[in-house]
Amino acid sequence: MRTAPSARRPAGPRRRRTGCGWAVAACAALLLIGCTADRGGFLGDSTAGAVIPAGDRRAAPPVSGPGLAGERVDLAALRGRPVVVNFWASWCGPCQAEQDDLERAAAATRSQGVQFLGVNIRDGEASARSFIEDHDVSYASLFDPDMRASVQFGVTPATVPSTFVLDAQGRVAAQIVGQLPSAEALVDLVGQVAAS
């Protein structure tokens, strides 16, 4: 039996009712949650900016690889002194905003033997090198476009910048996810780690 004209749908493009749009959004959300969750990395282990008690610290992953200045970068080679590891990208606004604070903190702690290391993620090499030149970065940066090193720390594109302070034994002693509050805050945190 044919439907009466008044009950028919108006003419025009038909919409398919599928769950694809919702499914894609749900999958994307789950992937983001899965990426930012702690999967053997360190994000989420402690309150941001708080020093982790010595007995609760875990060894930092032994990341190494090519540096943006052509050198070989090896985090394990820096053991024996506190190390600040900063994950960054040239396309990241907060990374650009905090770079002066990182440089000031590096200069303020250099006489204490503190080492700084950058890890550049998901970037083109030319863009990363331009960032270093434009911001006069004084310390080495590991080039990690495929994020092999970063995922070991639990860092994703959604969690840059992230800064970790390692103790002299190479253990993660503190972390700050997001832009540094100030150079002074980082210098204070490094001092607490060195004294613990």
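For clarity, every value in this text was computed on a predicted model and none was experimentally measured.

## Looking at the overall build of the protein chain
The helix and strand tally for the protein chain stands at five helices and seven strands. Order of helices (α) and strands (β) in the protein chain, N terminus to C terminus: α-β-β-β-α-β-α-β-α-β-β-α. Within the span of the protein chain, comprising 196 residues, buried residues form 41% of the whole. Taking as baseline every contact in the protein chain between residues at least 6 positions apart, the subset at least 24 positions apart corresponds to 69%.

## Describing helix 5 (residues 183-195)
Taking 1.5 Å as the rise per residue, helix 5 with 13 residues should run 18 Å; its terminal C-alpha atoms sit 18 Å apart, in good agreement. In this structure, the buried side of helix 5 is in contact with strand 3 (83-88), helix 2 (93-109), strand 4 (115-121), strand 6 (162-166) and strand 7 (172-177).

## Let's talk about the side chain of Asp-167
The residue Asp-167 is located in the loop between strand 6 and strand 7 in this model. Separated by 2.8 Å, the side chains of Asp-167 and Arg-171 make a polar contact. Among all residues touching Asp-167, those that are not within four sequence positions of it are Arg-57, Arg-81, Pro-82, Ala-173 and Val-193.

## Let's talk about the state of the cysteines
Tallied over the full model, the rule gives one disulfide. The disulfide bridge from Cys-92 ends at Cys-95, spanning 2.4 Å between sulfur atoms. Linking Cys-92 and Cys-95, the disulfide has an S-S dihedral of approximately 80° and is accordingly described as right-handed. By relative accessible area, which is 1% here, Cys-95 ends up buried.

## Here's the deal with the pairing of strand 6
Burial analysis of strand 6 places five of its five residues in the buried class, the great majority of the element. The side-chain alternation of strand 6 yields two buried faces, one formed by Ser-162, Phe-164 and Leu-166 and the other by Thr-163 and Val-165. Sheet topology note: the strand 3/strand 6 ladder contains five bridges and is antiparallel. Directly across from Val-83, in strand 6, lies its bridge partner Leu-166. When strand 6 meets strand 7, the two strands line up antiparallel, connected through five bridges.

So, how was this worked out
- Residues numbered from 1 in each chain as written.
- Predicted model: local features only at pLDDT ≥ 70, side-chain atom pairs only at ≥ 80, totals over all residues.
- Heavy atoms only, no water.
- Helix = DSSP H or I, 4+ residues; strand = E, 2+ residues; numbered from the N terminus.
- Buried < 20%, exposed > 50% of the residue type's maximum accessible area, 1.4 Å probe, protein only.
- Contact = heavy atoms within 4.5 Å.
- Expected span 1.5 Å × (residues − 1).
- Polar contact = N/O pair within 3.5 Å; in protein donor to acceptor, adjacent residues only side chain to side chain.
- Disulfide = S-S within 2.5 Å.
- Pairing = 2+ DSSP bridges.

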